[in-house]
Amino acid sequence: MTKKPIYFNHDGGVDDLVSLFILLRMDNVEVTGVSVIPADCYLEPAVFASRKIIDRFGNGVNLDVAASNSRGKNPFPKDWRMHAFLVDALPILNESGNVVTPVAEKPAHLHMIDAIRNTSEKTTLLFTGPLTDLARALDEAPDIEDKIERLVFMGGTFREDGNVHEPEHDGTAEWNVFWDPEAAAKVWKTNIEIDLVALESTNQVPLTLDVRERWAMDRSYIGVDFIGQCYAMVPPLVHFKTNSTYYLWDVLTTAFIGKTELVKVKTVNSIVVPDGPSQGRTVETSDGRPVNVVYDVDRNAFFDYITELAKQV
Ligand code: AGV
Ligand code: CA
């Protein structure tokens, strides 16, 4: 089987770290690099957790983890950024007592340039956080654009409601675009093929109690227990829907890489609003650039797929 080369840039949330685990378990992808941007996380615990996940679940894969030195415009809430500390502290990631996977010498955007150049085939980019490192990599090395197969990005929405509920914002944006709207706008201006796993589809995979129970019942599998423990850090508030309702945003985006048939895709021409009260909003407009929007998902097939991957540890 030919394996797809994937470079993964994430921002250390619970679902970003679970995504790294799921990605490492796929037999049809080859991970060529991993980097972490301190958006929805603090950098140090997210880099540690990533290295430990590669150690524990990467089957001996030879990777290093690059830390980003990028900064965004609109910071994530501290409560959410704390989650990386909790994942990093999980006993299952600390059993061996040492960390083998090294930290890369170069910062994320330069690390990504090297990984793309050093891979003979074209690379698929998986971004489950803001696009800042990609925008910077393209500034630094415009030549890499031709070696990017496509960008698979968790971000954006064409619904009226986004998921940003912040002062001075009108609520129409999704967080990963909102954190650095200018970076997203810059990437929109390239010719890179973009697959957008937008809130349209991620809203269809909330972390419901039945899923938590399924993972609890299968916790004798180490990989399933790992996922269950991770998601226990973002507990459900069952009596009402809130801003803290957790969806499998990034895990769906990652699953789409391994199994495209899980979702439905349509082309939308769009732009990114770079500033003002709607900053970070993705807007459909006929003179915008085409993006492939993942707007629908087979929910059961998705949960079956990731649970099966987790069982094979
Ligand atoms: O907007 C979704 C992105 C995803 O990449 N992140 C979380 C996922 O990693 C931001 C986010 C939105 N709502 C959140 C988020 C919440 N309630 N808790 C933590 N992060
Ligand atoms: Ca994320």
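Look up a bit, the structure's there.
Everything numeric here is computed off the predicted structure, so don't read it as measured data. (Residues numbered from 1 in each chain as written. Chains lettered and ligands numbered in written order. Predicted model: local features only at pLDDT ≥ 70, side-chain atom pairs only at ≥ 80, totals over all residues. Heavy atoms only, no water.)

Thoughts on the side chain of His-109
To keep things clear, this is the line we draw: Per the convention used, a helix needs a DSSP run of H or I reaching at least four residues, while a strand needs a run of E reaching at least two, with both numbered from the N terminus. Only protein chains enter the accessibility calculation, which uses a 1.4 Å probe; a residue whose area is less than 20% of its type maximum is buried, one above 50% is exposed, and one in between is partly exposed. Throughout, a contact is declared for two residues whenever any of their heavy atoms are within 4.5 Å.
Looking at where His-109 falls in the secondary structure, it is placed in helix α6 (residues 108-117). For His-109, a relative accessible area of 6% translates into the label buried. Leave out the neighbours within four places in its chain, and His-109 touches Asn-69, Asp-133, Arg-136 and Ala-137.

Some points on the pattern of salt bridges
The condition that has to hold: By definition, a salt bridge exists where a carboxyl oxygen of Asp or Glu is found within 4 Å of a side-chain nitrogen of Lys or Arg.
Taken as a whole and assessed by the stated rule, the structure comprises 13 salt bridges. Its salt-bridge partner being Asp-195, residue Arg-150 comes within 2.8 Å of it at the nearest N-O pair. Of the two residues, Arg-150 is situated in strand β5 (residues 148-154) and Asp-195 in strand β6 (residues 194-197); the sequence distance between them amounts to 45 residues. What makes Arg-150 partly exposed here is its relative accessible area of 24%. Residue class for Asp-195 comes out buried when judged on its relative accessible area of 4%. Across the pair Glu-308 and Lys-311 runs a salt bridge, and its minimum N-O distance is 4.0 Å. Highlighted residues: Glu-308 and Lys-311, both in helix α14 (residues 299-311), separated by three residues, approximately one helical turn. Here Glu-308 falls in the partly exposed class, since its relative accessible area comes to 39%. Judged by relative accessible area, which is 22%, Lys-311 ranks as partly exposed.

Focus: the environment of Gly-156
Among the structural elements, Gly-156 can be located in the loop between β5 and α8 (175-179). Classification of Gly-156 as buried rests on a relative accessible area of 0%. Separated by 26 residues in sequence, Gly-156 and Glu-182 have C-alpha atoms that sit 14 Å apart. Filtering out sequence-adjacent residues up to four positions away, Gly-156 remains in contact with Glu-174, Val-177, Ala-198, Leu-199, Glu-200 and Thr-282.

Focus on unusual backbone geometry
Positive phi, close to 55°, is recorded for Asn-59, a residue that is not glycine. Looking at Asn-59, the relative accessible area reads 68%, which means it is exposed. Even without a glycine there, the phi angle at Glu-168 is positive, about 65°. Secondary-structure assignment places Glu-168 in the loop between β5 and α8.

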